Amino acid sequence: MKVLVTGADGFVGSWLVRRLLADGREVYGAIRPTQTPSPGDGRMTEEERGAVQWLPLELADGESVRRVAARPYDGVVHLAAVASGSDAAADPGYAWEVNAAGTARLAQTLADAKRSGRADPLVLVVSSGEVYGRGDPTPRRETDPVAPCSPYAASKLGAEIAALEAWRRTGLRVVVGRAFAHTGPGQDARFVVPAFAQRLKVAKKVGAPVVKVGDLEPVRDILHVQDVVDAYARLLVRGQPGEVYNVASSIGTSLATVLRRLGDLIGVHPIPEADPDLMRPADIPHLVGDAAKLRTATGWTPRRSLEDTLKDVVDAQAD
């Protein structure tokens, strides 16, 4: 099975590449032309990097997309995106150009390949649980309304719409995976769990009595990245075209609890101090997902506890 992974050198992409190689897949890794396929955080070994066929991809460039997507793949996992909410908020237009328009370009090129008979790949478009926006404090289901309330979430919903439109119009076998919050070794400190761990370690080192935080009240459904890529690998085989699947645990944890548990692991408990610069005015108070549909379709269930997940982040920073 030949699989194209866009964003293959990113946090999730690197873990997915490792999983697909372990499954015996022939992996093509698409990365930004300015990047090199050698992440320095240890997520891929030299042997694993050497087993991947690396391709330059710029989603804002139609010709670049055509060169990458015109090959005869059996499966595509589309991860490349403006993945940081703060980056998307800083330039919403660029987030839409990459996330929504870039997905539309990719889907059209893959549909052209299908129409010409060159390939008929299953295309997994990775979206986000954030597309649901604010709502009742209950696990979200795929049938719930979507109401994104950030440029990032809106642009990811745009990507879903573009890909599913291509499915309806051309028969391109599109599956959407809405991933809820996930973390693990290698995630950078723009994201909440590694950011908390980093600040707590600094506080312990210097003996600081306080640690700067944003709003600690939001509740999140936090998965280990390896459980998430397991879901993606299963959807490549068992996902049904035209369907949307939540990737979630159905377990909500407040950010205050995450901070406390990280403090337990690191051995430090400074007083949390609210920093206005870390607040997100449009934050979603409660975002937990129901993955019953994914479980029924693929047999997937998360294997790693929150404690294991947080420990992996802490240990990775120590390394």
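Here is a short report on the structure shown in this document. (Residues numbered from 1 in each chain as written. Predicted model: local features only at pLDDT ≥ 70, side-chain atom pairs only at ≥ 80, totals over all residues. Heavy atoms only, no water.)

1. Observations regarding the sheet that holds strand E12 (residues 253-254)
Then, number 1: Read across the open sheet, the three strands follow the order E12-E9-E14; overall the sheet is mixed. Pairing within the sheet leaves two strands with one partner each, and these edge strands are E12 and strand E14 (286-287).
Then, number 2: In the sheet, strand E9 (residues 219-220) pairs with E12 via two bridges, with the strands oriented antiparallel. Within E12, the residue paired with Val219 across the bridge is Ser254. (Pairing = 2+ DSSP bridges. Helix = DSSP H or I, 4+ residues; strand = E, 2+ residues; numbered from the N terminus.)

2. Here's the deal with the nonpolar core
Then, number 1: Counting 40 residues, the largest nonpolar core has Val5, Leu16, Val77, Leu79, Tyr232, Val247 and Leu294 as the members making the most contacts within it.
Then, number 2: Going through the elements one at a time, strand E1 (2-6), helix H1 (11-22), strand E2 (26-31), strand E5 (122-128), strand E6 (173-179), helix H8 (225-238) and strand E11 (244-247) are the ones with two or more residues in this core.
Then, number 3: Ranked by residues supplied to this core, first place goes to H8 with seven residues.
Then, number 4: Beyond its immediate chain neighbours, meaning those up to four positions away, Tyr232 contacts Val12, Leu16, Leu79, Leu124, Val126, Ala179 and Val247.
Then, number 5: Core analysis: the second largest hydrophobic core is formed by 30 residues, Leu59, Val76, Leu106 and Ala166 among them. (Core = buried A, V, L, I, M, F, W, Y, C linked by side-chain atoms within 4.5 Å. Buried < 20%, exposed > 50% of the residue type's maximum accessible area, 1.4 Å probe, protein only. Contact = heavy atoms within 4.5 Å.)

3. Topic: the sheet that holds E6
Then, number 1: The strand order across the open sheet formed by seven strands is E3-E2-E1-E4-E5-E6-E11, and the pairing between neighbours is parallel. Since the sheet does not close on itself, it has two edges, and those belong to strand E3 (53-56) and E11, each with one partner. Going across the sheet, the axis of each strand differs from the next one's by a mean of 20 degrees, ignoring polarity.
Then, number 2: Relative to E5, strand E4 (residues 75-78) runs parallel, the two being bridged by four bridges. When the sheet's bridge partners are listed, Gly75 is paired in E5 with Leu122.
Then, number 3: Along the sheet face, helix H6 (residues 151-170) touches E5, E6 and E11 and points at about 160 degrees away from the line of E6.
Then, number 4: Sheet contacts for H8: E1, E4, E5, E6 and E11; angle to E5, the most-contacted strand, approximately 150 degrees. (Axes fitted to C-alpha atoms, helices over the stretch in contact; angles between N-to-C directions.)

4. Some words on helix H9 (residues 255-266)
Then, number 1: If you check H9, its first and last C-alpha atoms are 16 Å apart, about what 12 residues at 1.5 Å a residue would give, namely 16 Å.
Then, number 2: Of the positions making up H9, those classed as buried are Leu255, Thr257, Val258, Leu259, Leu262, Gly263 and Ile266.
Then, number 3: Structurally, H9 contributes buried residues whose contacts are with helix H7 (192-206), strand E8 (210-213), E9, E12, strand E13 (271-274) and helix H11 (306-318).
Then, number 4: Directly beyond the C-terminal end of H9, a positive phi value near 85 degrees is found at Gly267. (Expected span 1.5 Å × (residues − 1).)

5. Things to note about the packing of H7 against H11
Then, number 1: At a closest axis distance of 10 Å, the pairing of H7 and H11 adopts a crossing angle of 55 degrees. On the basis of their axis angle, the class for H7 and H11 is oblique. Of the two possible hands of crossing, H7 and H11 adopt the one that is right-handed. Contacts from Val193, Pro194, Ala197, Gln198 and Lys201 in H7 reach Leu310, Val313, Val314, Gln317 and Ala318 in H11.
Then, number 2: Here the contact of H7 with H11 is composed, by residue class, of seven nonpolar, two polar and one charged. (Parallel < 35°, antiparallel > 145°, perpendicular 65-115°, else oblique. Left-handed = near helix turned anticlockwise from the far one by under 90°. Nonpolar A, V, L, I, M, F, W, Y, C, P; charged D, E, K, R; others polar.)

The values reported here are purely geometric and, on their own, carry no functional implication.
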